[in-house]
Amino acid sequence: AGAGCWVQLAIAAALRFRDSKGRFPALLNEEDAKELADMAKTLSEEQKSQEGACWLQKVEWGFPSGEAVEDMAALEANFKRFSMLFETELTGLCAFLGGVVAQEVIKKTGKFTPIEQWVHHDDDSLVQPGASPGEYAGTRYAYQAAVLGSSFMDDIRKQRVFLVGCGALGCEYLKGLALMGACSGPGGKLIVTDMDRIEVSNLSRQFLFRQTDVGNPKSTSARRVVKGWNPDLNIEALEKGVGVTSEDFFDDNFWTDLDLCWNALDNVVARKYTDKCCLWYGLPLLESGTLGTKCNSDVFLPHLTKSYNDGIETDANEAQIAMCTLRSFPYLPLHCIEFAKQAYFSDYMEFAPQQYESFRKDPPGFFEQLDAMSEAEQFKALKMIKGIIELQQTSQIDFDACIRAAFNHYCRDFIISIRDLVYNCDEIERSTGKPFWTGTKRRPVEAKWDSANPPVEAMEYLYATANCYAFMWKVPFVRNRAAFHQRVVELGLQVPEWSPPSAGKVETEEDDGEKVDPAAIEALKGELYAVNPADLAECEAHDFEKDDDTNFHIDFLTVSTNLRASNYDIKHTERSTVKVTAGRIIPALATTTAMICGLVDVEFLKLVLGKHREEGALDKFYNANINLATGLQAMNLFRPEPAIVLKTKLPGSVAEFTSWDKVEIQGEISLEELIKQLESKLGGELQRLYPVGNDKVSIYTRSQVKMLDWKIELEGGKATIEPDEVFSTWPQLKMAVQMLGRVPDGPARKNFENQVLSAAKSLQGVKDNFHSRCQSNTSEAYVSMLRPSDEEAEKQKYFDAVLQKRSYLSLQADMLTAEGEDADLPLIKYTFR
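These numbers were taken from a predicted model, which means no experiment stands behind them.

1. Considerations on the overall build of the protein chain
Stage number 1. When its secondary structure is counted, the protein chain shows 28 helices and 19 strands.
Stage number 2. Dimensions of the protein chain along its principal axes, counting C-alpha atoms only, are 110 × 65 × 55 Å.
Stage number 3. When contacts within the protein chain are restricted to residue pairs at least 6 apart in sequence, those whose partners lie at least 24 apart make up 68%.
Stage number 4. Total accessible area computed for the protein chain in this model is approximately 40,500 Å², and 51% of it derives from carbon and sulfur atoms.

Here it is as structure tokens:
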């Protein structure tokens, strides 16, 4: 009781001690400790009668009770401990205090409210009874050993730490690890990885770097600096991304050889991936993030706390912009940037090629997953696939075709769509008699085009877009601008004739969704059914990367943003601003970074001490949520949340679990036997079995069991389709059956007969594949479904490399309870060798 009171009195007693002795209490000096304890008790008695003063009283329900503390011996021990360790300092707490004080100095400018509270940080779990510097006396680690013990120093030097990221957070953590002596002994190792290279803008907050480092890798540059500070530091610097594309390097041996993972990341996707790895391998994870003056930190402990993935954090903006504003009525530069990223880049460079490849590789699978989309998404996917197919049918896929595709986008997005919008809105104005172009609704102006002398902004757009298409089609880039200009002029591109659109609804409300005629969707499906995928060329989707200036991504977004801004008379945006906004770059303050990293350094000390393996572990760790801009209640430290326990609602051997748990199946068995074992072990009906994190590909689907009884036959010109569920998988058969009853012999009838025969062949293939998979070993069934085809040689090579290093498969299952409800299930580890 009265924790805040005794800490405050201890500080006051230390100041009185200095006034009396001309110095502060000496390190581990028992005589000084006794004297300071007496001074503290004297101060308490002196202030007891003063209104609002701090003295040793009980605290009940968070408030002083006015009654004296009964157990004075315990408080006296605290005062003595405070005195004996008063001289010490810990790296993390120094960083914490430095960040806080520096931010308070900045507040002199009047930008933020100063802190109006005492800051007490009493963490007795760090102090080890009987600790002394021992052999570390007189070294840089003397203070640390005095608090934590010399045996602790032996342990921290043996730590094997994986630091993911080397930006603002990563630099601060590297500094802390080097100064604490972590990973500096035999067997110890610090591995830091970051794909990025140093930019000028990094120098203001990533203090390990200097002007001469610009252009060099962050990880290797940081390694050089901290190695200079602490030559004993065993540090390895990598330039590899951590994710699903690097599991051949960051394999089981890598993860199981670590003591903990330490995130210093700036995006949610990467954080979720490292958290999944820590869950799978049972590793502690240290996590933190900053946003201006705001920051937070989390400690995730195996089987004790909830995981990062148990949360609901996303990269979405806190303030969402209405889609109708983005699509039709932008009035700020931000609106143009967001639309260029969400609509232009995401649709043309990512969504379209992804859907096209899905259709090209597996048409039945594509149409099956299509049903899970909204009608608007279905229509968009089908229309874009049709456009890509038409591009191949009208010309050879070369760079000229890429230019024509880019010009089609230019016309549609900055000329035709503007004409349509203006026409429709003017019609609304005429029909209602009310002004439409008012407030933030600006009347747009179409972009210009002259085939003989193309406008500069149009050429910039064609240059970036055509080269993006060249990447997708694996066509050589044309980077020479003079040569590019000449090719555009020689093509003689012309804006297509425009005619007023049919009456259309203009989206003006935030909750209005895009309405699509289901008949139009069916018509597009019908057109794609007639396409032979074998005749289609491979197309590679872009993976947005803001820091690669050679991939045309930021160039495309910048010119798209400014063309749209010109349409609506909005101020143009510089390339650097587009990069920051579209790349979701969050500004970091050195003060906030130092402060939060210091607190995480302290939690790392507890992990080294093994506090997470002790009874009551959650009470010994702190998460933090801090905002240095506020003056009151700026700092909040609290216990980590316990692991979320989920009920399976199944009668099997796994009644409840947390995200740290797994169901383990040992030994290679057939897929059919695995299904039986899982159903027996868990007590439910298995619906689907698929790889962890990839629910688009099923190794087993119960719906395919039903398909074993399906029938598609064509005899004597009559089609037999049973049951009606067949039409949900092959909707084209409904029309084929109808037309076979009407169309006489001839090419048209032959076409419908071929559709039935093709579907029958596909159904038989599904049946044969299902039987084959169920009878084969589970690992073989997994490979047959997941291994990339020979035409994707690089992906196939990577898949083989990852699988070769693993003796198990990580799987997820969907299962139903006896009541037909979805059951929550842990992940499955199937060890096959």
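Now, onward.
2. A short note on the state of the cysteines
Stage number 1. By the definition in use, this model includes zero disulfides.
Stage number 2. Counting only cysteine sulfurs, Cys402 is the nearest neighbor of Cys411, a cysteine outside any disulfide, at a range of 16 Å.
Stage number 3. The thiol of Cys539 is unpaired, and the distance to the nearest cysteine sulfur, on Cys402, comes to 9.5 Å.
Stage number 4. Judged by relative accessible area, Cys539 falls into the buried class, the value being 2%.

3. Some thoughts on the pattern of salt bridges
Stage number 1. For the structure on display, the rule yields 50 salt bridges.
Stage number 2. The partner of Lys175 in a salt bridge is Glu172, with the nearest N and O atoms 2.4 Å apart. Taken together, the residues Lys175 and Glu172, both in helix α7 (residues 168-180) and three residues apart, mark about one turn of the helix. Grouping residues by exposure puts Lys175 and Glu172 together as buried.
Stage number 3. We note a salt bridge from Arg575 to Asp549, for which the minimum N-O separation is 3.4 Å. Residue Arg575 is found in helix α20 (residues 575-582), and its partner Asp549 is found in the loop between α18 (518-529) and α19 (553-567); the two are separated by 26 residues along the sequence.
Stage number 4. For Asp549, a relative accessible area of 47% corresponds to the partly exposed category.
Stage number 5. Each of Glu357, Arg360, Lys361, Glu791, Glu792 and Lys795 takes part in a single network of salt bridges with overlapping partners.

4. A few points about helix α12 (residues 333-361)
Stage number 1. The end-to-end C-alpha distance of α12, which contains 29 residues, comes to 40 Å, matching closely the 42 Å that a straight helix rising 1.5 Å per residue would cover.
Stage number 2. Along α12, the sharpest kink reaches roughly 55°, centred on Ser346.
Stage number 3. For α12, the buried fraction is high: 23 of the 29 residues fall into the buried class.

5. Let's talk about the nonpolar core
Stage number 1. By size, the foremost hydrophobic cluster in this structure holds 69 residues, and its most contacted members are Tyr410, Trp473, Phe484 and Phe556.
Stage number 2. With near-sequence residues (within four places) excluded, Phe484 lies in contact with Phe399, Ile403, Met459, Leu462, Tyr463, Ala466 and Val478.

6. Concerning the sheet that holds strand β18 (residues 808-816)
Stage number 1. Read across the sheet, five strands follow the order β13-β19-β18-β14-β15 without closing on themselves; strand pairing throughout is mixed. Only two strands of the sheet have a single neighbouring strand rather than two, namely β13 (662-666) and β15 (700-701).
Stage number 2. Bridge analysis of β13 against strand β19 (residues 827-831) gives five bridges, and the strand direction is parallel. Note on β19: the bridge partner recorded for Glu664 is Lys829.

7. Topic: the confidence of the model for the protein chain
Stage number 1. On average, residues of the protein chain carry a pLDDT of 90, and 95% of them reach 70 or more.
Stage number 2. In this model, residues 315-319 is a region of pLDDT below 50 whose contacts with residues beyond four sequence positions or in other chains number seven contacts.
Stage number 3. In this model, residues 508-513 is a region of pLDDT below 50 whose contacts with residues beyond four sequence positions or in other chains number eight contacts.

8. Some thoughts on the sheet that holds strand β6 (residues 260-263)
Stage number 1. The strand order across the open sheet formed by eight strands is β5-β4-β3-β6-β7-β8-β9-β10, and the pairing between neighbours is mixed. Every interior strand has two partners, whereas the edge strands, β5 (235-238) and β10 (635-638), have only one. Here the average twist between neighbouring strands, direction ignored, is 10°.
Stage number 2. With respect to the sheet, helix α8 (residues 218-229) is in contact with β4 (189-193) and β5, its orientation differing from that of β5 by roughly 160°.
Stage number 3. Here helix α21 (residues 590-609) sits on the sheet in contact with β3 (160-164), β6, β7 (285-291), β8 (294-300), β9 (623-627) and β10, set at roughly 170° to β7.

9. Details of the packing of helix α14 (residues 375-394) against α18
Stage number 1. For the pair α14 and α18, the least separation of the axes is 10 Å and the interaxial angle reads 35°. The two elements α14 and α18 cross, and the hand of that crossing is left-handed. Contacts between α14 and α18 involve Glu375, Gln378, Phe379, Leu382, Lys383, Ile385, Lys386 and Ile389 from the former and Pro518, Ala520, Ile521, Leu524, Lys525, Glu527 and Leu528 from the latter.
Stage number 2. Each residue belonging to the contact of α14 with α18 can be placed in one class, and the counts come to nine nonpolar, one polar and five charged.

10. Some words on unusual backbone geometry
Stage number 1. Backbone torsion omega between Glu722 and Pro723 reads -15°, so that peptide bond is classified as cis.
Stage number 2. By the element assignment, Pro723 lies in the loop between β17 (718-722) and α24 (726-729).
Stage number 3. Here the phi dihedral of Asp569 falls at roughly 55°; this positive angle occurs in a residue that is not glycine.
Stage number 4. Locating Asp569 in the fold gives a position in the loop between α19 and α20.
Stage number 5. With a phi angle near 60°, Lys649 is a residue other than glycine that sits in the positive phi range.
Stage number 6. Within the secondary structure, Lys649 is located in the loop between β11 (646-647) and β12 (656-657).

11. Considerations on the packing of aromatic side chains
Stage number 1. A full pass over the atoms with the stated rule returns 44 aromatic pairs.
Stage number 2. With centroids separated by 5.2 Å and ring planes inclined at 80°, the aromatic side chains of Phe339 and Tyr344 adopt a geometry described as edge-to-face. Comparing Phe339 with Tyr344 shows no difference in burial state: the two are buried.
Stage number 3. Plain terms: the ring middles of Phe345 and Phe544 are 5.4 Å apart, the flat faces sit at 75° to each other, and that makes the pair edge-to-face.

12. Comments concerning the pairing of β4
Stage number 1. The element β4 is largely enclosed, with a buried count of four among its five residues.
Stage number 2. Crossover connection from β3 via α7 to parallel β4: handedness right-handed.
Stage number 3. Summarising the sheet, β4 and β5 pair through four bridges and their orientation is parallel. Within the sheet, the bridge partner assigned to Leu190 lies in β5 and is Ile235.
Stage number 4. The handedness of the β4 to β5 crossover, carried by α8, is right-handed.

13. Looking at the side chain of Ser288
Stage number 1. Secondary-structure assignment places Ser288 in strand β7.
Stage number 2. In this structure the side chain of Ser288 is engaged in a polar contact, spanning 2.6 Å, whose partner is the side chain of Tyr173.

14. Describing the environment of Cys183
Stage number 1. For Cys183, the position within the fold is in the loop between α7 and β4.
Stage number 2. The buried category is assigned to Cys183, whose relative accessible area is 0%.
Stage number 3. Linking Cys183 and Lys158, residues 25 residues apart in sequence, is a C-alpha distance of 5.4 Å.
Stage number 4. When sequence neighbours within four positions are dropped, the list of residues in contact with Cys183 reads Ile156, Arg157, Gln159, Val161, Gly188, Lys189, Leu190, Asp232, Leu233 and Asn234.

About the criteria used
- Every residue gets a number counted from 1 within its own chain, in the order that chain's sequence is written.
- Given that the model is predicted, a residue must reach a pLDDT of at least 70 before its local features are reported, and side-chain atom pairs must reach 80 or more before they are shown or counted; all residues, however, enter totals for whole chains, interfaces and linings.
- The basis for the side-chain values is all heavy atoms of the structure; hydrogens and waters are excluded.
- Think of it this way: any DSSP run of H or I at least four residues long counts as a helix, any run of E at least two long counts as a strand, and we number them from the N terminus.
- Contacts are assigned to residue pairs with any non-hydrogen atoms lying within 4.5 Å of each other.
- Only the protein chains shown count as cover for residues, and the accessible areas themselves come from Shrake-Rupley with a 1.4 Å probe.
- Disulfide: a pair of cysteine sulfur atoms within 2.5 Å of each other.
- Between buried and exposed lies partly exposed: a residue is buried under 20% and exposed over 50% of the maximum accessible area for its type, with that area taken using a 1.4 Å probe on protein chains only.
- Salt bridge, as used here: a side-chain nitrogen of Lys or Arg that lies within 4 Å of a carboxyl oxygen of Asp or Glu.
- To estimate the expected span of a helix, subtract one from its residue number and multiply by 1.5 Å.
- Bending is quantified residue by residue as the angle between axes fitted to the seven-residue window ending at that residue and the seven-residue window starting at it.
- Residues belong to a common nonpolar core when they are buried Ala, Val, Leu, Ile, Met, Phe, Trp, Tyr or Cys residues joined through side-chain atoms within 4.5 Å.
- When DSSP finds two or more bridges between two strands, those strands count as paired.
- Values of pLDDT, ranging from 0 to 100, describe the predictor's confidence in every residue of the model.
- Fitted lines through C-alpha atoms serve as axes, helices being fitted only where they are in contact, and the angles separating the N-to-C directions of these axes extend from 0 to 180 degrees.
- The crossing is said to be left-handed when, going from far helix to near helix, the turn is anticlockwise and less than a right angle, and right-handed when the turn is clockwise.
- In this classification, Asp, Glu, Lys and Arg are treated as charged, Ala, Val, Leu, Ile, Met, Phe, Trp, Tyr, Cys and Pro as nonpolar, and every other residue, Gly included, as polar.
- Stacked, tilted and edge-to-face are the three classes assigned to paired rings of Phe, Tyr and Trp, where Trp is represented by its six-membered ring and a pair needs centres within 6.5 Å; plane angles under 30 degrees give stacked, over 60 edge-to-face, the rest tilted.
- A clockwise path from the first strand over the helix to the second, with the strands pointing away from the viewer, defines a right-handed crossover.
- Any pair of N or O atoms that falls within 3.5 Å is considered a polar contact. Within protein, one atom must be able to donate a hydrogen and the other to accept it, and sequence-neighbouring residues count only if both atoms are side-chain atoms.

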